[in-house]
Amino acid sequence: MTTVTTTPTERAYEPVIGLEIHVQLRTQTKMFCGCALSFGDDPNTHTCPVCLGHPGTLPVPNAEAIHFALMIGLALECELAPRSIFHRKNYFYPDLPKGYQISQFDIPLWRSGRLGDVRVHRVHLEEDAAKLVHAGSSGRIHGAEASVVDFNRGGTPLVEIVTEPDLSSSEQAGEWLRLLRATLKRLGVSDVNMDEGSLRCDANVSIRPVGTATLGTKTELKNMNSFRFLERGIAAEVARQEELLRGGGEVEQETLHFDPRTGGLSALRSKEESHDYRYFPEPDLVPLAPTQAMIDRARTALPELPGARAQRLERELGLPGDVARLLAFRSELGDFYESALSADGATDPHTLASWVTVELVARLGDVDPAESPVAPEALAELVRLISARSVSGSAAKEVLDAMVADGGRPEAIVVERGLGLAGAGELDAVVDRAIEANPDAAEKVRAGTAKAMGAIVGAVMRETKGRADGGEVQRMVRERLGLG
Amino acid sequence: MSELLELTAARAAECVRAGELSPAEIFSAYRERAEADDLGAFLWLPEEPPRPAAATTSADPPLGGVPLAVKDIFCVEGAPTTAGSRILDGYRPPYTATPVERLAAAGAPMLGKTNMDEFAMGSSNENSAYMPVRNPWSPDRVPGGSSGGSAAAVAAGLAPWSIGTDTGGSIRQPASLCGLVGLKPTYGAVSRYGMIAFASSLDQCGPITRDVTDAALLLRHLVAGRRDPCDSTSVDFPEEIELPSSHDLGGLRVGVVPELSEAATIDAGVKAVFDAALERIEELGGGVEEISLPHSEHGLSAYYVLAPAEASANLSRYDGVRFGLRSGDGDLLSLYERTRAEGFGDEVKRRIMLGTYALSSGYYEAYYGRAQRVRTKIAEDFRAAFERVDLVVTPTSPSVAFRLGERTADPMAMYMSDYCTVPMSLAGLPAVSIPAGLSEDLPVGLQITGPAFTENRILAAAHALERAFGFDSSPARRPAAAAPGR
Amino acid sequence: MIDREQVLHVARLARLELTDAEVERMARELSGILDHLERIVELDLDHVEPTSHVVALENVLRPDEPRPSLARERALAGAPDATDSGFRVPSPGAAAANGS
Ligand SMILES: [Mg+2]
Ligand SMILES: [Zn+2]
C-alpha cells in the first residue's frame, strides 16, 4: 500500500474528483456483429459489413456482453433498470463508421452503486470506436497530414462506469482505480490492461474551498493510460487550478489531454460546434429487460470480490487490515498468497503475508508473482524454514533473491550456498572467541549492563555471516558468563 | 412469347412446375423487355442472368424461376447498389439483403435493379439522382414513389413482379398510381437486413405485383415462416401466408375513416372511385361502418419529424471514408461537407436538415418527443377502431398520378401524397393498395388495413374485391393506350 | 421562423456544405415545413408515452459466436482512398491545404 506523507500546509482548496472508466469486455465477438475480437492483429482483418457501417446493415447485441455487464453491475452493487434502451449518439469522426455510436443514454443498464467508499453513478453498455493511426510523413493528402483507420477495434463491447465525484486526491483516485481494476479482473470480464487500452480512465477534476459543499468548474482529463499517469495528471491539474484561483483567475470548462512525455496538460482543439450529440432511441434495437434467469446467471458467475476477500483475510486469518487489502486488491498477490498458504497447513499466515506483501513485492514490483520464477510452494517452504529457525531472516532474504532470479527450492539454495544457521558445535568456538575478543563488553554484561551484549553478538554474526540465531547466541553468552 | 408476358407471376410459376415453360425462357423474355425499358424504370441489369438457382434450396423451387425486379435500395453482393443516390455511385456491396436472398432461394432470381427516389425520399420518383421514372399509363406523369421504378416496371410488363420498400407509403402510393397491388407488411414481418435504411422504425419491404395472389406468394416467401437473426426487430410471423381464394367479404366489418377519406386533400375523382368501392364492399357482404381515427390527421406532421430524424442519423455513414463518393480539399471537415454536399440531392439534404434540427439541443422535446407521442395516440386510435371493425379502408393516394414537375417546387404539396398511408406506417400496421377503378383514365387505389399480422385477412378481402372490381392492370391492353390523350 | 444562422448551425452539425442560395432556400422551405408541423406542438400530449418501437420485443440477443470476417481486400475494395492495410483520411485537426 502506498503511503503518502503530505506536509501539513494551510490548504485553502480541496480537489473534487470523479472518474469515467471505459472497460473493453473480453467476449469472443464484437458488441453488434460476429467479428472476433483481436488485439495486435493486422489492421482491418476483423471487419464485416456491420462493423464497417455498410448501408443496410443492422446491429444485433451480443448476449455475453450483456451477461458481463450484468456481472459488473452486481459487483458494483448497482440498481438494475428493469428496462433499458440503446440510443444513438451522433457525431462525425473517421473512427466512427456509422456517424453515431450506439450507447445507452437516459436509461442506463445500472445506476447508484458503490465500490469501496466511492459511489458509482451509472454503468452502461456501448460500442468502441475504431483506431486512427497517424500515417506518418508519407501519408499526405494534398499536402495535409493523413491518418489510416483500422476498424479491428471498432465495435468492441465496452462498459462505461461513471463515479460520483467522491475522490479527493490523485492518490485516492489511483488507489480506487486499482480496486476497480482488481474487481473487474477478478470477474474475468476484461483484460483490464491500461497499456493496451482495455481499461481507459478519464477524470473530471474541480477544486473548492475547504469546508464548502459547492462544486467548482470542472475540467475533463483524457489519455491517462497508466496508474502513474492518472495520478500525475490529476495532481498537475489540481495544482494548475489552485494556481489559477489563487491568482484570481477562473477555471474554464474544457477537455485536457495529458502528455505522458512532458507530464503536462494541453487543451484539445476546440470543436467546430458545441457538443450536440442529438441522442435519440436506436430504432434498430429493442429494449433490454434482463429476465430473472439472466440476473441469476450473472449472480451465480460472481467470484469472491476483492472487498469481501479483504474482510475474510482479516477476519479468518487475523491479518492486519492494510495487509489484507493489499492482498485482496492486487488479487494476483492474494491468489499467490492463498495458494502458498494451502501448499502446507503448517505455514504461518502472518509471516507468509509479510513475505509476500513486503519482500516479494519489493523484488517483483508490478509483476504478477504467478509469472515469476518463484513458486508459491517454494515461498511457503522458505517461510517454514524461517519459523523453524533453520535459516536467519537476513539469510532468507538472500534465498529469496536467488529464487526470484532463478527459481528453485529454498532448502536446496540454503544447502548450496551454505546459508543454514550455524549449528551448536560450530557456534561454541565462535562464541568463545567473541567473548575473548571483547573482554570489556563481557565485564559489563556480568555487571548487569544488558545492552553491552550487542558487541559480542555482533562479533558472532560477523563471523557466521548472519547464519546465527541471535536469541541462541545471547543464551550461550550468558551461560558462559555464568548468568544462565 | 407475348402470351408468356401476359401471365401473372404465380401463373408463370405454375406453368414452369407443370413443365410448360422453362425458367430460362421466362427470364430471357423479361430480360429482353427490361432492356428495352424507355420509362427509366431500371437502373441496372446484370450482364448475364444469375447462375441458375445459385441460392436455390430445392430443385423445384416454388417461385419457378420467375424473375424479380428489385428496388435499388436492396444490397446485392457484387451488384451496383445506389439507393438512387450519387453518393453511392459505383458502390458494390459485399453482401446480399435477406429479402433478396430468401426470394432467390425460393426461385425468384433478380431480374435487375429498379429506379427510386434517392434514399426512398419522395413520392414521385423525381428525386432519383439518375433519372425520373415515367408512368406507363401516361408517360408525362409520375409513377409515384419512392418505389416508382418497381411499380413502373411491373405495370409496363417489363417485369413479372417486384419488391419495393415502404416507409410512409412508398409501396402503396406507386402501386396506386400505376394500377397495381402493393403490400406493406406489418413492421417486423420482413427482415430489413440489407435494405438501405431511410427511417428504421418505419421501413418495411413488400411486394408490388399485378394481382393479389402474386403479392401473397411473394410475401409468403419473404416471411419464410421464420425471423431473421440479422435483424433485431424482425419477428416470427404467427401463421403461414395463404394464397387467397375468397370471393366475398362474408360478415367482415369494414371501417371508413372520415378524417382520411373526406379530407380536403382528396380529389373528387378519387373520392368517387372510393365511394363506388364502398358499395362493392357492401355487395360482397361486408358491413361498412364509420369509425374515427382522431389523430390520423396529425400523422403526416409526426411522420415528417420522425422519419427525417432517423434518416439524419442513418445517412451519416455516407462520409467518403469506407465506400462511395469522396470529395473535399484535403481537410477532414471539407471531406465530410463536400462529399455530402455533392453526393446528396436537394430532397435528401432538406430531410437531413429537418431531422438534424428536430433532434438538436433545445428542440428535441418540442418536435421528436411530441411526434413520438402522436405516434402512440395514432396506434391507440387504431386499436380502438379494431375493437369495432375487422378492416379499415381509405383511398391510397389523395390524387391520381400527377404530371412530372408539377409538385417539385413545393415540398409540402409533395408530402401530402402520403396523407392516407402514413398513419398505418406509424402504427406499424399491414396495408395493401389494390386498384379500384379509374379517374381521368388513371388508376385509383383502395387501401385496406388491419391489425398487426392480419395479412391473411387483408389479402383475402383484397382478393374478393379484386375480382369484383375486374380491373385490368395492364395499361398496354387499354384501348386508349395506343393514343395517349392529353 | 428558422433563420440563416440556424440553417448554418444545423448544416454544420449535419456536415453539409450549403451554397448561399441553398441557405436562403433551406431557410424558407424548412420554415414552411416547420409551420405545418407546429400543429402537433399545440396538441395536449402531456400524459402520453412516447413510442420508439412498434414491435413488442425485448432482449433480442445474439450468441457470442464468431463468424468469418471479410478478407481485407474486400473490406477495402470500395474505399475511395485505401492504403494496403486501411482507410486513408485527412488527419483530424490537420489544417486544410487551402481553406474553404
Ligand atoms: Mg462512452
Ligand atoms: Zn464485424
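Residues numbered from 1 in each chain as written. Chains lettered and ligands numbered in written order. Predicted model: local features only at pLDDT ≥ 70, side-chain atom pairs only at ≥ 80, totals over all residues. Heavy atoms only, no water.

A few words on the interface of chain B and chain C. Listed as interface residues are 60 residues of chain B and, on the opposing side, 56 residues of chain C. Between chain B and chain C we count eight salt bridges in total. The partner of Asp81 of chain C in a salt bridge is Arg326 of chain B, with the nearest N and O atoms 3.4 Å apart. Counting the contacts that link chain B with chain C gives 21 residue pairs in polar contact (both at pLDDT 80 or more). Elements supplying a minimum of two residues to the side of chain B that touches chain C: helix 10 (299-314), helix 11 (332-343), helix 12 (346-359), helix 13 (365-388), helix 14 (411-415) and helix 15 (422-427) of chain B. Top element by residues in the side of chain B that touches chain C is helix 13 of chain B. It accounts for ten residues. (Contact = heavy atoms within 4.5 Å. Salt bridge = Lys/Arg side-chain N within 4 Å of Asp/Glu carboxyl O. Polar contact = N/O pair within 3.5 Å; in protein donor to acceptor, adjacent residues only side chain to side chain. Helix = DSSP H or I, 4+ residues; strand = E, 2+ residues; numbered from the N terminus.)

A separate point is the coordination of the magnesium ion (ligand 1). All names here are of chain A. Coordination of the magnesium ion (ligand 1) by the protein comes from His22 (NE2), Glu126 (OE) and Glu160 (OE), over a distance range of 2.0 to 2.4 Å. When the donor residues of the magnesium ion (ligand 1) are listed from N- to C-terminus, their spacing reads H-x103-E-x33-E. In this pair, His22 sits in strand 1 (residues 13-24) while Glu160 sits in strand 10 (residues 157-163), placing the two residues 138 residues apart along the sequence. The buried category is assigned to His22, whose relative accessible area is 14%. (Donors = N, O, S within 2.8 Å, 3.2 Å for Na, K, Ca; no water. Buried < 20%, exposed > 50% of the residue type's maximum accessible area, 1.4 Å probe, protein only.)

Here we come to the interface of chain B and chain A. Listed per partner, the contact involves 42 residues of chain B and 35 residues of chain A. The largest share of the area that chain B buries against chain A comes from Ser232, Arg317 and Arg322 of chain B, three residues that together contribute 21% of it. Inspection of the chain B/chain A interface yields one salt bridge. For Arg192 of chain B, the salt bridge identified is with Asp284 of chain A, shortest N-O distance 3.0 Å. Counting the contacts that link chain B with chain A gives 17 residue pairs in polar contact (both at pLDDT 80 or more). Of the residues that constitute the side of chain B that touches chain A, the class distribution is 22 nonpolar, twelve polar and eight charged. (Buried area = accessible area lost by both parts, 1.4 Å probe. Nonpolar A, V, L, I, M, F, W, Y, C, P; charged D, E, K, R; others polar.)

One frequent convention defines the size of an interface as the accessible area lost when the parts assemble. Looking at the assigned domains, one finds that chain A contains domain 1 (13-298), domain 2 (306-417) and domain 3 (424-480). Computed over C-alpha atoms, the centres of domain 1 of chain A and domain 3 of chain A are 65 Å apart. (Domains from an automatic or database assignment.)

Turning to unusual backbone geometry, a few remarks are in order. The linkage connecting Gly145 of chain B with the following residue, Ser146 of chain B, adopts the cis geometry, with an omega of 10°. Relative to the assigned elements, Ser146 of chain B resides in the loop between strand 3 (110-114) and helix 5 (148-155). The phi dihedral of Phe453 of chain B is positive, around 65°, even though this residue is not glycine. Counting through the fold element by element, Phe453 of chain B comes out in the loop between strand 11 (442-449) and helix 16 (455-469). Phi at Asn59 of chain C is positive, roughly 50°, even though this residue is not glycine. If you trace the backbone, Asn59 of chain C turns up in the loop between helix 2 (20-41) and helix 3 (72-76). Its relative accessible area of 18% is what places Asn59 of chain C among the buried residues.

Turning our eyes to something else, we now look at the coordination of the zinc ion (ligand 2). Residues and elements named next belong to chain A. Binding of the zinc ion (ligand 2) to the protein goes through Cys33 (SG), Cys35 (SG), Cys48 (SG) and Cys51 (SG), at separations of 2.3 to 2.4 Å. One can describe the donor arrangement at the zinc ion (ligand 2) as tetrahedral, given that its four donor atoms subtend angles of 101 to 117° at the metal. Positions of the donor residues of the zinc ion (ligand 2) along the chain correspond to the pattern C-x1-C-x12-C-x2-C. Take Cys33 and Cys35: they sit in the same class, and that class is buried. (Tetrahedral: all angles 85-135°; square planar, octahedral: opposite > 155°, others 65-115°.)

Before going further, it helps to examine the environment of Glu381 of chain A. All names here are of chain A. Among the secondary structure elements, Glu381 is positioned in helix 9 (residues 376-387). Distance from Glu381 to Gly425, taken between C-alpha atoms, is 26 Å for residues 44 residues apart in sequence. If we skip the residues at most four places from it in the chain, Glu381 touches Arg409, Pro410 and Glu411.

Residue and element names in this part refer to chain B. The element helix 4 (residues 98-105) is extensively covered by neighbouring structure, given that six of its eight residues are classed as buried. Within the span of helix 4, buried status applies to Thr98, Pro99, Val100, Arg102, Leu103 and Ala105. Looking at the packing, one finds that the buried side of helix 4 touches strand 2 (68-71), strand 4 (161-166), strand 6 (204-209) and helix 7 (212-223). Following helix 4 by one or two positions, Gly107 has its phi on the positive side, about 105°.

Residue and element names in this part refer to chain A. With respect to the helices and strands, Ala65 occurs in helix 1 (residues 63-75). Taking the C-alpha atoms as reference points, Ala65 and Ser394, separated by 329 residues in sequence, lie 50 Å from one another. Apart from the residues lying within four places of it in its own chain, the contact partners of Ala65 are Leu25, Thr27, Met31, Leu125 and Pro157.

The next thing to look at is the confidence of the model for chain A. Close inspection of predicted coordinates is inappropriate for parts of the model with low pLDDT. Per-residue pLDDT for chain A averages 89, and the proportion of residues at 70 or more is 94%. Predicted confidence is poor over residues 1-8 of chain A, with pLDDT under 50, and the contacts of this stretch with residues over four places away or in other chains come to six contacts. (pLDDT = per-residue confidence, 0-100.)

This paragraph deals with the pairing of strand 10 (residues 431-439) of chain B. Residue and element names in this part refer to chain B. Counting buried residues along strand 10, eight of its nine residues qualify, which places the element largely inside the surrounding structure. Bridging between strand 5 (residues 181-184) and strand 10 involves three bridges; their strand directions are antiparallel. Looking across to strand 10, one finds that Lys184 is bridged to Ala431. A loop of two residues connects strand 10 with strand 11, the two strands running antiparallel in sequence, and Glu440 in this loop sits at a positive phi of about 55°. (Pairing = 2+ DSSP bridges.)

Moving on, we come to the pairing of strand 14 (residues 264-267) of chain A. All names here are of chain A. Bridge analysis of strand 13 (residues 255-259) against strand 14 gives four bridges, and the strand direction is antiparallel. Each bridged residue has a counterpart across the sheet, and for Asp259 the counterpart in strand 14 is Gly264. The antiparallel pairing of strand 13 with strand 14 creates a hairpin that spans four residues between the two strands, and Gly263 there sits at a positive phi of about 75°.

Residue and element names in this part refer to chain B. Taken domain by domain, chain B comprises domain 1 (2-256 + 386-482) and domain 2 (296-375). The gap between the C-alpha centroids of domain 1 and domain 2 is 26 Å. With 28 residues of domain 1 at the interface, the matching set in domain 2 holds 28 residues. For the domain 1 and domain 2 pair, buried surface summed over both sides reaches about 2600 Å², with 66% attributable to carbon and sulfur atoms. The largest contributions to the domain 1 side of the interface with domain 2 come from Ile87, Tyr415 and Leu426, which together make up 29% of the buried area.

Attention now goes to the nonpolar core. Membership of the largest hydrophobic core comes to 253 residues, with the highest contact counts inside it found for Leu19 of chain A together with Phe119 of chain B. Sort the elements by how many residues they give to this core and helix 10 of chain B lands first, with ten residues. Setting aside residues up to four positions removed in sequence, Phe119 of chain B forms contacts with Ala83, Ser85, Ile87, Leu88, Ile196, Phe198, Leu315, Tyr318, Phe344 and Val348 of chain B. Within the second largest apolar cluster, 36 residues are counted, among which are Val323, Leu360, Val399 and Met403 of chain A. (Core = buried A, V, L, I, M, F, W, Y, C linked by side-chain atoms within 4.5 Å.)

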